[in-house]
Amino acid sequence: MIKLIKNEFFKLFHKLSTYIILLIAVVFVLITNIIYKQYDQLNLNVYYEEIDITEVNNFINNYDPTVDSLDDYVYNLALLDCYNLSHRYDANSWQYQVFMNDYLELDTEYYRELYSSDGNSTKAEELNKELFNMLQAVYTNNWQYFAEKEKSTLENTITEYQEILEEPNLSAAETKEYNKQLFIASAELELVNYRLDNDLIYQDDYLNLAINDIKSNLYALADYYYEENIDASEYEDVIKDYHENKYILEEKIDTKNSNTLRSVIMNFFTEYSFLILVFTIMIAGSIVSDEFSRGTIKKLLTVPHKRSTILWSKYITVLLTIPIIVLFLLICELIIGGLILGFDSLSIPAVIYNISLNKMEVLNVFSYFFLTFLANLPQLILLVTLAFACSTILNSTAFAITITFCGIIAAEIINGFALVYNIKLLDYFVTTNWDFTQFLFGGDSIFGLSIGFSALICLTYLVIMLIITFITFIYKDIKNV
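Residues numbered from 1 in each chain as written. Predicted model: local features only at pLDDT ≥ 70, side-chain atom pairs only at ≥ 80, totals over all residues. Heavy atoms only, no water.

Notes on the pairing of strand S1 (residues 350–354)
Judged by how many residues are buried, S1 sits mostly within the fold: 5 of 5 residues are covered. Because side chains alternate across S1, one face comprises the buried residues Ala350, Ile352 and Asn354, and the other comprises Val351 and Tyr353, equally buried. When S1 meets strand S2 (residues 359–363), the two strands line up antiparallel, connected through 5 bridges. Bridge pairing links isoleucine 352 to glutamate 361 in S2. Hairpin connection between S1 and S2: a loop of 4 residues separates the two successive antiparallel strands, and asparagine 358 in this loop has a positive phi of roughly 55°. (Buried < 20%, exposed > 50% of the residue type's maximum accessible area, 1.4 Å probe, protein only. Helix = DSSP H or I, 4+ residues; strand = E, 2+ residues; numbered from the N terminus. Pairing = 2+ DSSP bridges.)

Now the structure itself:
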């Protein structure tokens, strides 16, 4: 058996097509890492649109109170102020954010009190003083002023909610709503205190991004904790993201940087699954049929081995190509990716929140890679087995490869139907069961299937394909080949 497997690998690595695919794989790895190198993490400040100052001035100069809205007028006045004050700052600076958020809102309110028929001049004067204090804080680089102001507002809000919740005549619905608002305000206060305690200036870095991500998830988290009869699976991503961002803040480790070697390895099977499938399916789809097309099958069957032994040697060779190509791509990624992106990120662990265990799992990048490889392995094995079976039964490399790739496309359609229409019969299809990555770290199947059920279905399909393949090969007539 071992001698036969060695012979199969000898034939494999004496094919020009093998080296062409390997060369393409290297080029693909190179391109992938260049793209990662050029990729800049999306930051919230990108959403600020550049102010068209000409349009703003035109609106102000041609304002007609009988036609135009006063709200639009005061907003454009405030926008003009913000443009004049902010254009000296970079769009990613905290000062620019202040002008385009807090200052713009306050300045709009100031102009509304100033020009509205029912405006309050005393309130306008108070707003003007507050605007002056904001400017002074910006010009003296006193970001703490805004953090302290936010802290004070949140503390007052929390006190107000707590007092309301102590009222005896509060309905159940009102109690739930105020508890949700109290949860959000308390979480935001915790983030502000974190900023002040750690002297964390408002800027575009991974800690600020973590804070912003947590803030964006607070309303969904409040629903999860306080709403009744909710589908917890809908909140899995929110819960995981919340805890993973909390880990970033606590440990001060950037685990979400997307343009690093670590990130490519963690997304290895997303980036390179197509290459792995092409390489392994081409081998599986040709390893038997090529023997028939070249007429070498007769010579092969004259050796003192059973037909089943010969076929097993070919099948085992096909299975061994899976870890071999994965290892080859991993080595290429480490070398090319390390040279382009640097090796430093490999020291940063993979951090995943396990919902079922309700705890954070921290493991090194290569342990994470190995787990994802094992989780992807059932699908890879089933697909190469399908190609191998078609190659053996049909004696055609082209048909074997085409049928297998058609199967991959059909899998997306079948899974889509199973998910949208909840067709129970499709629970017994292999395509709804072969993705074991969804079970990693406490995850559940999107189709509501258990890991044991999925393993049994995959094993059943594998055995059926192998039985049909071996029976066909053992009893195949090769006289006319």
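Past the structure itself, the notes keep going.
Side note on a nonpolar patch on the surface
Judged by side-chain polarity, Ile409, Ile413, Phe417, Leu419, Val420, Tyr421, Ile423, Leu425, Tyr428, Phe429 and Ile446 come together as a nonpolar surface patch covering roughly 1200 Å² of accessible area. Note on placement: phenylalanine 417 falls in helix H17 (residues 397–421). (Patch = residues over 30% accessible without salt bridge, like charges linked within 9 Å, V, L, I, M, F, W, Y side chains within 5 Å. Areas by Shrake-Rupley, 256 points an atom, 1.4 Å probe, with all protein chains shown as cover. Salt bridge = Lys/Arg side-chain N within 4 Å of Asp/Glu carboxyl O.)

Concerning helix H18 (residues 451–474)
When the terminal C-alpha atoms of H18 are compared, their 34 Å separation across 24 residues agrees well with the 34 Å that a helix rising 1.5 Å per residue should span. For H18, the set of buried residues is Ser454, Ile457, Cys458, Leu462, Met465, Leu466, Thr469, Phe470 and Phe473. (Expected span 1.5 Å × (residues − 1).)

What about H17?
Between its terminal C-alpha atoms H17 stretches 36 Å, which fits the 36 Å expected from 25 residues at 1.5 Å a residue. Against helix H12 (268–286) and helix H16 (365–394) lie the buried residues of H17. In this structure serine 396 caps H17, since a side-chain oxygen of it lies 3.2 Å from the backbone nitrogen of phenylalanine 399. (Contact = heavy atoms within 4.5 Å. Polar contact = N/O pair within 3.5 Å; in protein donor to acceptor, adjacent residues only side chain to side chain.)

Points about the pattern of salt bridges
Scanning the entire structure with this criterion turns up 15 salt bridges. Between glutamate 8 and lysine 314 there is a salt bridge, with the nearest N and O atoms lying 2.9 Å from each other. Taken together, the positions of glutamate 8 in helix H1 (residues 2–12) and lysine 314 in helix H15 (residues 307–341) put the pair 306 residues apart, joining distant regions of the chain. Of the charged contacts in the structure, one is a salt bridge between aspartate 223 and lysine 180, with a shortest N-O distance of 2.7 Å. Note that aspartate 223 is positioned in helix H9 (residues 206–226) and lysine 180 in helix H8 (residues 172–197), a separation of 43 residues in sequence.

Remarks on the packing of H8 against H9
The contact between H8 and H9 brings their axes to 9 Å, and the two run at 165°. Accordingly, the angle class assigned to the pair H8 and H9 is roughly antiparallel. Every pair of crossing elements has a handedness; the one defined by H8 and H9 is right-handed. Each of Lys176, Asn179, Lys180, Phe183, Ile184, Ala187, Glu188, Leu191, Tyr194 and Arg195 in H8 lies in contact with H9, whose residues at this interface are Leu207, Asn208, Ile211, Ile214, Lys215, Leu218, Tyr219, Leu221, Ala222, Asp223, Tyr225 and Tyr226. (Axes fitted to C-alpha atoms, helices over the stretch in contact; angles between N-to-C directions. Parallel < 35°, antiparallel > 145°, perpendicular 65-115°, else oblique. Left-handed = near helix turned anticlockwise from the far one by under 90°.)

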